[in-house]
Amino acid sequence: QVQLVESGGGLVQAGGSLRLSCAASERTFSSYAMGWFRQAPGKEREFVSAITWSTGTTYHTNSVKGRFTISRDNAKNTVYLQMNGLKPEDTAVYYCAAMKYYGGNYAYTSSYAYWGQGTQVTVSS
């Protein structure tokens, strides 16, 4: 079973940057891809970005394209989310998740088997 631990959240002013990290407990071939989701108060959890372990192919939701970058370090079993140009509407708890098998839709929470505990990101205006 994959265990995921996020870190790097915090409070930042609009226009600022944060880098989130997600450390996975097992070797990367235990999962096919990793994703980042976020959930604001009173809203559903939404897809942010995803990356495949083998090829590094990335996916982003439209609202973060050009501002967020997802990357991975296979040797460290760690995935990163670099967030630049942060906006107040980016405020949420950010979760990383592991997709176990190929074939799922990267944007669906149901495609992911394992989840981290979440890290709070707050962007002040």
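Described in the following lines is the structure provided in the data block. The structure displayed is predicted, hence computed values, not measured ones. (Residues numbered from 1 in each chain as written. Predicted model: local features only at pLDDT ≥ 70, side-chain atom pairs only at ≥ 80, totals over all residues. Heavy atoms only, no water.)

This brings us to unusual backbone geometry. A positive phi angle, near 50°, is found at Asn-77, a position not held by glycine. Mapped onto the elements of the fold, Asn-77 is located in the loop between strand E7 (68-73) and strand E8 (78-83). According to the relative accessible area criterion, Asn-77 is buried, its value standing at 14%. (Helix = DSSP H or I, 4+ residues; strand = E, 2+ residues; numbered from the N terminus. Buried < 20%, exposed > 50% of the residue type's maximum accessible area, 1.4 Å probe, protein only.)

Turning to the packing of aromatic side chains, a few remarks are in order. Describing an aromatic ring pair means giving the distance of the ring centres and the angle of the ring planes. Evaluated as defined, the whole model comprises six aromatic pairs. An angle of 75° between the planes, with centres 5.6 Å apart, marks the rings of Phe-37 and Phe-47 as edge-to-face. With Phe-37 in strand E4 (residues 33-39) and Phe-47 in strand E5 (residues 46-52), this pair connects stretches of sequence that are ten residues apart. Each member of the pair, Phe-37 together with Phe-47, is buried. Counting every residue linked through ring pairs, the aromatic cluster contains Phe-37, Phe-47, Tyr-112 and Trp-115. (Phe/Tyr/Trp six-rings, centres within 6.5 Å; stacked < 30°, edge-to-face > 60°.)

Another aspect to go through is the nonpolar core. Among the nonpolar cores identified, the biggest contains 27 residues, and Leu-4, Met-34, Trp-36, Phe-68, Leu-81, Met-83 and Tyr-94 are the most heavily contacted of them. The set of elements that each furnish at least two residues to this core consists of strand E3 (18-24), E4, E5, E7, E8, strand E9 (92-99) and strand E11 (119-124). Every residue in contact with Tyr-94, bar those within four places of it in the chain, is listed here: Glu-6, Leu-20, Trp-36, Phe-37, Arg-38, Val-48, Phe-68, Leu-81, Met-83, Gly-118, Thr-119 and Val-121. Grouped together as the second largest cluster of nonpolar side chains are eight residues, Ala-33, Phe-37, Ala-97 and Tyr-106 included. (Core = buried A, V, L, I, M, F, W, Y, C linked by side-chain atoms within 4.5 Å. Contact = heavy atoms within 4.5 Å.)

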